[in-house]
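# Fold and geometry: a report
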Amino acid sequence: MIGLFLNNIGIIIGAMLLSPLLGPIYALAVYVAIGDMKTTLRCVEIIGLMVIMLVVIAAAASFVLSFVINLPITPEILSRTDPNAVFILMGVLLGFATMIALSEGIPEGIAGVAIAAALLPPAVVTGISIALFPEGTVKAIILTLQNVVGLIAGSIIGVMFLHIGPRDLFAQIQSRQVIIRVAWFLAVMIIFLVIISFLI
């Protein structure tokens, strides 16, 4: 948030080295691949809660700080209020690349930067928008959702590419059913977000 207000890309990137969102997204992809729907839904709850916490904390901090100092709406903030369908593709590629990186033994701190880069700034800007310029809130929310959906889709594709899944035949059939359901849901969400990005 400090990096966004200072329009300092170095601080923004530095903050991305710690990404608590990598674990739940990675876990969600693995549990989808093995067909565990109950734990998959739990991972979705955790991801949703973490993103909401990011937004709420950013909104509360921005609101309080606005009474103490002048908080400028910088180009770095405004750039995160411009949803575009290309961000979904970026999210898919980053999610896929992160899964491949983890499978190759690259440390989580480095691999997590990809997820943080896509997800943290738009979520924080959503909170800033709620507190300081409500006219940008809807666009920031759409961009955040585009990144979340893209990252999850890319992570699942990455896990499937790595052939992660159950060995038991019955479990394989069950996992295929879960994968198909999740794929349909993500496809509908992506189509919806693409259409919305052209309308707003």
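Scroll up a little and you will see the structure.
In what follows, the accompanying structure is described. In every chain, residue numbers begin from 1 and rise along the written sequence. Only residues with pLDDT of at least 70 are given local features in this predicted model, and only at 80 or more are side-chain atom pairs given and counted; all residues enter the totals for whole chains, interfaces and linings. As a rule here, side-chain values come from all non-hydrogen atoms in the structure, and water together with hydrogens is ignored.

### Some points on the overall build of the protein chain
Put simply, the rule is: In this text, helices come from DSSP runs of H or I with a minimum length of four residues, and strands from runs of E with a minimum of two, each type numbered from the N-terminal end. Within these notes, the globule rule equals 2.2 Å times the number of residues to the 0.38 power, and the radius of gyration is based on C-alpha atoms. Partly exposed residues are those whose accessible area sits between 20% and 50% of the maximum for their type, while under 20% is buried and over 50% is exposed, using a 1.4 Å probe and protein chains only.
In terms of regular secondary structure, the protein chain is built from 9 helices and 0 strands. Mapped in sequence order, the helices and strands of the protein chain form the string α-α-α-α-α-α-α-α-α. The C-alpha atoms of the protein chain give a radius of gyration of 18 Å, which matches the 16 Å a tight globule of 200 residues would have. For the protein chain, the spread of C-alpha atoms along the three principal axes comes to 60 × 35 × 25 Å. Going through the 200 residues of the protein chain one by one, you find that 43% of them count as buried.

### Let's talk about the side chain of Thr126
Applied cut-off: Polar contact criterion, stated in full: a pair of N or O atoms within 3.5 Å, where within protein one must be able to donate a hydrogen and the other to accept it, and residues adjacent in sequence count only if both atoms are side-chain atoms. It only takes one pair of heavy atoms within 4.5 Å for two residues to be counted as in contact.
Here Thr126 is to be found in helix H7 (residues 108–132). Judged by its relative accessible area of 3%, Thr126 is buried. There is a polar contact of 2.9 Å between the side chain of Thr126 and the backbone oxygen of Pro122. A polar side-chain atom of Thr126 sits 3.3 Å from a polar atom in the side chain of Thr144. If we skip the residues at most four places from it in the chain, Thr126 touches Val55, Ala140, Ile141 and Thr144.

### Quick look at the packing of aromatic side chains
We apply this condition: Aromatic rings from Phe, Tyr and Trp, taking only the six-membered ring of Trp, are treated as a pair when their centres fall within 6.5 Å; an angle between ring planes under 30 degrees marks them as stacked, one over 60 as edge-to-face, and anything in between as tilted.
Evaluated as defined, the whole model comprises 2 aromatic pairs. Ring centres 5.0 Å apart and planes at 85° place the aromatic pair Phe63 and Phe67 in the edge-to-face group. The interplanar angle of 65° and the centroid separation of 5.4 Å between the aromatic rings of Phe96 and Phe161 together place this pair among those described as edge-to-face. Separated by 65 residues along the polypeptide, Phe96 in helix H6 (residues 86–103) and Phe161 in helix H8 (residues 137–161) bring together distant segments of the chain.

### Looking at the packing of H6 against H8
Defined as follows: Fitted lines through C-alpha atoms serve as axes, helices being fitted only where they are in contact, and the angles separating the N-to-C directions of these axes extend from 0 to 180 degrees. Between 65 and 115 degrees an angle is taken as roughly perpendicular, under 35 as roughly parallel, over 145 as roughly antiparallel, and anywhere else as oblique. It is the rotation of the near helix from the far one that decides the hand of a crossing: anticlockwise by less than a right angle makes it left-handed, clockwise makes it right-handed.
The contact between H6 and H8 brings their axes to 6 Å, and the two run at 40°. By the angle between their directions, the pair H6 and H8 is classed as oblique. Crossing angle aside, the handedness with which H6 passes H8 is right-handed. Judged by residue contacts, Phe87, Ile88, Met90, Gly91, Val92, Leu94, Gly95, Phe96, Met99 and Ile100 of H6 engage Leu143, Gln146, Asn147, Gly150, Leu151, Ala153, Gly154, Ser155, Ile157, Gly158, Val159 and Phe161 from H8.

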